[in-house]
Amino acid sequence: MSLVRVENLVKDYPLPKKNLLGKAPVYRALDGINLEIEKGESLGIVGESGCGKSTLARIVMALDKPTSGKVYYSDIDLFSASKNKLRQLRKHFQMVFQDPYSSLNPRKKVISIVSEPLDMLEKSISRRERKKKVELILEEVGLNPGDIDKYPHEFSGGQRQRVAIARALITKPSLIVADESVSALDVSVQAQVLNLMMDLQDKYNLAFMFISHDLSVVEFITQKLAVIYLGKIVEKGTTSQIFKKPFHPYTKLLFSAILNVDPDIKKTSTKKKESKFSPTPSSCSFIDRCSLATTICQSKSPVLAGNKNHQYACHHA
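Conventions we followed
Residues numbered from 1 in each chain as written. Predicted model: local features only at pLDDT ≥ 70, side-chain atom pairs only at ≥ 80, totals over all residues. Heavy atoms only, no water. Helix = DSSP H or I, 4+ residues; strand = E, 2+ residues; numbered from the N terminus. Buried < 20%, exposed > 50% of the residue type's maximum accessible area, 1.4 Å probe, protein only. Lys, Arg positive; Asp, Glu negative; His and termini not counted. Salt bridge = Lys/Arg side-chain N within 4 Å of Asp/Glu carboxyl O. Pairing = 2+ DSSP bridges. Axes fitted to C-alpha atoms, helices over the stretch in contact; angles between N-to-C directions. Contact = heavy atoms within 4.5 Å. Polar contact = N/O pair within 3.5 Å; in protein donor to acceptor, adjacent residues only side chain to side chain. Disulfide = S-S within 2.5 Å.

Asks: Please explain the side chain of Arg167 as it appears in this structure.
Replies: Looking at the secondary structure, you find Arg167 in helix H6 (residues 157-169). As a buried residue without a salt bridge, Arg167 has its nearest oppositely charged side chain in Glu116, at a separation of 4.2 Å.

Asks: Help me understand the sheet that holds strand E12 (residues 310-312), please; the structure alone is not making it clear to me.
Replies: To summarise the sheet geometry, strands pair through backbone hydrogen bonds and adopt either a parallel or an antiparallel arrangement. Here we have 8 strands laid out as an open sheet, ordered E6-E7-E8-E3-E9-E10-E12-E11, and mixed in their pairing. Each edge of the open sheet carries a strand with a single partner, namely strand E6 (93-96) and strand E11 (305-307). The average undirected angle you get between the axes of adjacent strands in this sheet is 15 degrees. Direction of pairing for E6 relative to strand E7 (residues 175-179): parallel, over a ladder of 4 bridges. Within E7, the residue paired with Phe93 across the bridge is Leu175. In this fold helix H1 (residues 53-60) packs onto strand E3 (42-46), E6, E7, strand E8 (207-211) and strand E9 (224-229), with an angle of close to 155 degrees to the strand it touches most, E7. Packed onto the sheet, helix H7 (residues 187-204) meets E3, E7 and E8 and runs at close to 155 degrees relative to E8.

Asks: Can you walk me through the pattern of salt bridges in this structure?
Replies: Should their charged atoms come close, side chains of opposite charge can pair. Considering all chains together, one arrives at 12 salt bridges under this definition. A salt bridge links Arg5 to Asp75, with the nearest nitrogen and oxygen atoms 2.8 Å apart. You can see Arg5 sitting in strand E1 (residues 4-14) and its partner Asp75 sitting in the loop between strand E4 (68-73) and strand E5 (76-77), a full 70 residues away along the chain. Put simply, Asp147 and Lys150 hold a salt bridge, and the shortest N to O gap is 3.1 Å. Through salt bridges with shared partners, a single network forms among Asp12, Arg28, Asp31 and Lys232.

Asks: Please clarify how the side chain of His310 should be interpreted in this entry.
Replies: Tracing the chain through its elements places His310 in strand E12. A distance of 2.6 Å separates the side chain of His310 from the side chain of Glu235, its partner in a polar contact. Those residues in contact with His310, other than ones at most four positions away along the chain, are Glu235, Lys236, Gly237, Gln241, Ile242, Lys245, Phe247 and Ala305.

Asks: Looking at this structure, I do not really get the environment of Ser301. What am I missing?
Replies: Structurally, Ser301 is set in the loop between helix H11 (295-299) and E11. Owing to a relative accessible area of 25%, Ser301 belongs among the partly exposed residues under this scheme. In sequence terms Ser301 and Met197 are 104 residues apart; their C-alpha atoms lie 38 Å from each other. If near-sequence neighbours (up to four positions away) are discounted, Ser301 is found in contact with Lys232, Ser282, Ser283, Cys284 and His315.

Asks: Sorry, what's going on with the state of the cysteines here?
Replies: Between two cysteines, a covalent bond joining their sulfur atoms is known as a disulfide. What the rule picks out here adds up to 0 disulfides. Free of any disulfide, Cys290 has its nearest cysteine sulfur in Cys314, 5.8 Å distant. Summary of cysteine pairing: Cys297 is not part of a disulfide, and the nearest cysteine sulfur, belonging to Cys284, is at 6.0 Å. The class for Cys297 is buried, based on a relative accessible area of 6%.

Asks: What is the right way to look at the pairing of E3 in this model?
Replies: Regular strands place side chains that alternate from one sheet face to the opposite one. Buried residues dominate E3, accounting for 5 of its 5 residues. Burial along E3 is two-sided: Ser42, Gly44 and Val46 facing one way and Leu43 and Ile45 facing the other are all buried. For E3 and E8, the ladder comprises 4 bridges, and the chain directions are parallel. Within E8, the residue paired with Ser42 across the bridge is Phe208.

Written out as structure tokens, the structure is:
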């Protein structure tokens, strides 16, 4: 049984302008997403800005509702569960946001910030027990228990993100969704936070959904990978196999943008060859950017194929 299972997830957002029939058109942010996360596993989600990564994160966290599709946590449908049941489940999945400078309330002390999930989900907890739990979890993330009375502005960016991780860990979750959680940090600090996450994963058998545009970070921390383009998964499988031999043209384009510090390795040209085709409702979503596009791509949208460890959606892969 998977810890998290996402089935045929679709999310539409209405656009402000109406068409000639008086209907408001929609923007499809997610289009038929299918994913599974096992306990103790790290899944990376990569793609360009606006491809639907953060929308997927919010739906998996039950912070936003899908237009259609299902999200299961331990075989419980999050969007069919009662409010009371969903409240009970929330302690098992938590989120670490992108910017530690805006995700922490500057007017609250660390003890209030970190204990907020406890205050919401375990209201019967005593003040003494609450303080003890906060002190212990701060030690777990490499901070001093004496930091409980400090405010966010008294910490560096890396320390603030450790506070955010402590807040996510306080309820002892099984899943943490990390949405660009190191992108606002310096490279050296990124490494410290990523190593911390990996250590915590090993210690508590945590599962991570790690959303990032930084492919080197994803390669370092995840076991499985899903590549999203315009709301659709175009390639997914084990991280090692996809990095070793990507099949989809979009994945190859993404990977060609990775910087390599070795001067002896010649960088392949990333200049995009223009496609002669334009996207239609029945065509491949990548048709207007793909140099391999042919008439079959215009008439038939590809579906994921391959094996359990590596699937890709391309007629020419």
